[in-house]
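Tertiary structure, described
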Amino acid sequence: MAQLSDTGTSEETPVIDELRDEIVAKLRSDIGDAVIDVHQIPGVDLWVRVSADAWRAAGEALRAQGFDYFCFLSAMDWMPSPFGTGENDPTDEVEDDPSAAEVRQGYAGGETRFQMLARVTDLRRHVSITLKADVPESPDGSMSIASWISVYAGANWHERETHEMFGINFDGHPDLRNMYLPGDFEGYPLRKDFPLLARLVKPWPGIVDVEPMPASDDDEGDDS
Amino acid sequence: MTMLSERQQLSYIAAQAADARLNVELETEGMTLNIGPQHPATHGTLRIIARLDGEQVIWAEPSAGYMHRGYEKLTEVRTFPQVTALINRIDWLGSFANEVPFILAAEQLMEIEAPPRAQHIRTILFELSRIANVSLFLGDLGVQMGAVTPVFMAFRDREYVLNLIEGATGGRFHPNFDRIGGLKDDLPKGWLDETRQVMKKLRNFCDEIEDLLFGNEIFQSRTRGIGVIPADVARQYGLSGANLRASGVDWDLRRDQKLPLAYDKVDFRVWTHPDGDSWARCWIRLQEVREATKIVDQLIETLPPGPVMTKVPRIIKVPEGEAWVSTENPLGEMGYYVVSKGGLGPFRVKIRSASFNNISITPWVLKGVYVPDIITILASLYFILGDIDR
Amino acid sequence: MGLVDRGRLPAPLTKLFNIGRSYSMWVYQWGLACCAIEMGAAFGSPRYDVMRLGVIPLPASPRQADLVVVSGTVTDKMAPAVKRLYEQMPEPKYVISMGSCANCGGPYWDSYSVTKGVDQIIPVDVYVPGCPPRPEALLEGVVLLQQRIKHEDMGARWRGEGFKPIKRDSEPIVVGGGPIE
């Protein structure tokens, strides 16, 4: 958040984040070409995309670098929802805007609809890194990627959750039971093409009323 | 409708137990003990299935999901202000603290920042919700070990804090007070004086609890040396908050990261404990309530004047991007990974809740303990079901 | 008590029994989510002191309870357990549904895993709206239920005819509002 609170004097000088540059350099020397893309907001955060084959190796390399605090592991579905967003009526036809249906990945790019997402922290250097990896779909629609359990024991539940929500399999995970939903639940809820039936039956009325912002009032209370 | 899954689960347990069966000296028959899904000792609907050999647990696994409400999916069909109303209810004891990291993540994407007064009030309310949350933990701790009195004291003194929160925000439980760009309102008149009084009462409450509970011989013998978690295991499982600090890891997001909150303007101590047992976790939380009252006291003395809301558009659209913000919530590190595509609502929100990671360690830590210790270990790990299942 | 079992009871005696029943209710606290804490505040805290209303909040098991307060979000995974709990309770039994989630799904109305109202599983006598309701609202729900019990025909309950009032007709009660449609 440093660049947000700047008063304007340091705007001209480009911010160089040596710590994060060093992390990326070390990661590149460890796993080589498996680092596909890097996105950095200097002084704020760091995103690295690695190849799917190197998913576990990347985790091991980061852990050896000192990132031994496991924050979370999840996945992303980059396909825009065919049911529109919250402000749309899901029963409406989505307009034929080709860019609206386009799969557009976020920071550090990507090629597949599903991406892995994990975050680990180095408690000594006070720095975190978000790791991404493309998850290619095999012709029968199944997806799998290496499990992180041998690297971070805490990944166990996170991988179970990800499997349940996205249908991604983890090679080497001992037990991918459902974490939340009943065993006979069908579908993967966090995939964008999973419909919320209640919304289809009773559509949200949309934005009816917007509360006026307190800052727009002139009479501001002062109590101290 | 879940009978099928339960049967599957039971057969799975039986298979596991057959593998893990220990026949050491005496031929004993194993037994499966089911605790929950609704049990007074589990703070909600957590179910624990334990495979016992005599009094000893050979295998235990929490079965979550009885409170799964599908937050991450619901955030995708809500606008940003609507999400704030929803996420109050993740960790329902410290509701205001849930809003802050999400709002900060949205502000980071929009590249705006709340005015200093709003940051101050946010921090005050954040710490008040920590007090409301952890003081109930301290009371509940007694119930888990058979002491009923502390819970009445906790409910009594917690009411004062809830009244303060209600006075400022209008909501006892779920304030929904934080807005992108500031706060809904300023503090009411006379609120600061009352806060000073209440903080004194809360410090007395801490002293009472320390005398009554922490000095108690039974309490000590049931928590000292029980459920020890070493620091490297704690980090691997992503334990956070008091659980991590009780294992000797000096890590507090209030101090160790720069966020637009007023923590850098106050002087407070981050307590750690080298033992890593149940006692250490409880003791750290007691100290944290004390520190929180001190933080509030300092902040109300230095409250800057000015507006509580910056200029934001009438209809909030968050620019495309990704942001991660986490804060040191009462239960531990609570973070939101917000992905926006430039619309009215988020494209995806990954909610990293503290209890999910904190409880994922239970199969490891419950292995080999005795049955009564299950309760104390779970109590000291301190979780809230909404925070696990989301 | 043979008179009650056969479903015949003189009206004055019914009235006497009803007064007794309404002021000695054992409440089973089925706390599920946020509302459980407000229920705890109403039933367990010294400020609200529910026992002055003739309600005893700590039965050992649902088999000894007259009233269950379902407070919080009922998920599809939890629903069978709620149903089983209700079936374990002895007749006559009453249900208070506390909070928007238990009433109708509340803020999770469009969720894929939340049951939209506990009344889909078990019959509800009193609905307490709010998210979560204040402890006072729950206490009012208890008081309204007690008034309702005072006008109940006990015999009908034993004959398996459910709730039948002696005098006025009565629908599910909503705290702070009229009857629901």
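Residues numbered from 1 in each chain as written. Chains lettered and ligands numbered in written order. Predicted model: local features only at pLDDT ≥ 70, side-chain atom pairs only at ≥ 80, totals over all residues. Heavy atoms only, no water.

Attention now goes to the interface of chain B and chain A. At the interface, 77 residues of chain B touch 71 residues of chain A. Among the residues of chain B in contact with chain A, Lys-73, Gln-236 and Glu-322 of chain B are the three that bury the most area, contributing 11% of the side total. On the surface where chain B and chain A come into contact, there are seven salt bridges. Between Arg-235 of chain B and Asp-68 of chain A there is a salt bridge, and its shortest N-O distance comes to 2.8 Å. The tally of links between chain B and chain A comes to 24 residue pairs in polar contact (both at pLDDT 80 or more). Take the side of chain B that touches chain A: its biggest share by element is five residues, from helix H1 (residues 3-20) of chain B. Class assignment for the residues of the side of chain B that touches chain A results in 33 nonpolar, 18 polar and 26 charged. (Contact = heavy atoms within 4.5 Å. Buried area = accessible area lost by both parts, 1.4 Å probe. Salt bridge = Lys/Arg side-chain N within 4 Å of Asp/Glu carboxyl O. Polar contact = N/O pair within 3.5 Å; in protein donor to acceptor, adjacent residues only side chain to side chain. Helix = DSSP H or I, 4+ residues; strand = E, 2+ residues; numbered from the N terminus. Nonpolar A, V, L, I, M, F, W, Y, C, P; charged D, E, K, R; others polar.)

All right, on to the confidence of the model for chain C then. The share of residues in chain C with pLDDT of 70 or more is 83%, and the mean pLDDT across the chain is 80. Predicted complex, confidence summary: ipTM 0.81, pTM 0.83. (pLDDT = per-residue confidence, 0-100.)

So, on to the nonpolar core. Of all hydrophobic cores here, the largest spans 223 residues; its most connected members are Trp-55, Met-116 and Trp-148 of chain A, Leu-128 and Phe-214 of chain B together with Val-70 of chain C. Tallying contributions element by element places helix H5 (residues 116-144) of chain B first for this core, with 13 residues. Non-local contacts of Phe-214 of chain B, meaning those with residues more than four positions away in its chain, are made with Leu-138, Leu-141, Ile-209, Phe-219, Gln-220, Trp-279, Cys-282, Trp-283 and Leu-286 of chain B. Ranked by size, the runner-up nonpolar core spans 25 residues in total, among them Leu-53, Leu-67, Ala-137 and Ile-173 of chain C. (Core = buried A, V, L, I, M, F, W, Y, C linked by side-chain atoms within 4.5 Å. Buried < 20%, exposed > 50% of the residue type's maximum accessible area, 1.4 Å probe, protein only.)

Before going further, it helps to spend a moment on the pattern of salt bridges. Evaluated as defined, the whole model comprises 49 salt bridges over all chains. Across the pair Arg-134 of chain C and Glu-136 of chain C runs a salt bridge, and its minimum N-O distance is 3.3 Å. Under the relative-accessibility criterion, Arg-134 of chain C is labelled partly exposed at 29%. You can call Glu-136 of chain C partly exposed: its relative accessible area is 35%. Within the structure, one salt-bridge network assembled from shared partners comprises Glu-127, Arg-130, Arg-245, Asp-252, Arg-254, Glu-288 and Glu-328 of chain B.

Below, the discussion takes up the pairing of strand S5 (residues 127-134) of chain A. Residue and element names in this part refer to chain A. Extensive coverage of S5 is indicated by the burial of eight of its eight residues. A two-sided burial pattern is seen for S5, the buried positions comprising Val-127, Ile-129, Leu-131 and Ala-133 on one face and Ser-128, Thr-130, Lys-132 and Asp-134 on the other. As judged from the four bridges shared by strand S2 (residues 45-50) and S5, these two strands associate in the parallel manner. For Trp-47, the partnering residue across the bridge sits in S5 and is Thr-130. Relative to S5, strand S4 (residues 114-122) runs antiparallel, the two sharing eight bridges. Residue Arg-119 lies in a different strand from S5, and its bridge partner there is Thr-130. Hairpin connection between S4 and S5: a loop of four residues separates the two successive antiparallel strands, and His-126 in this loop has a positive phi of roughly 60°. (Pairing = 2+ DSSP bridges.)

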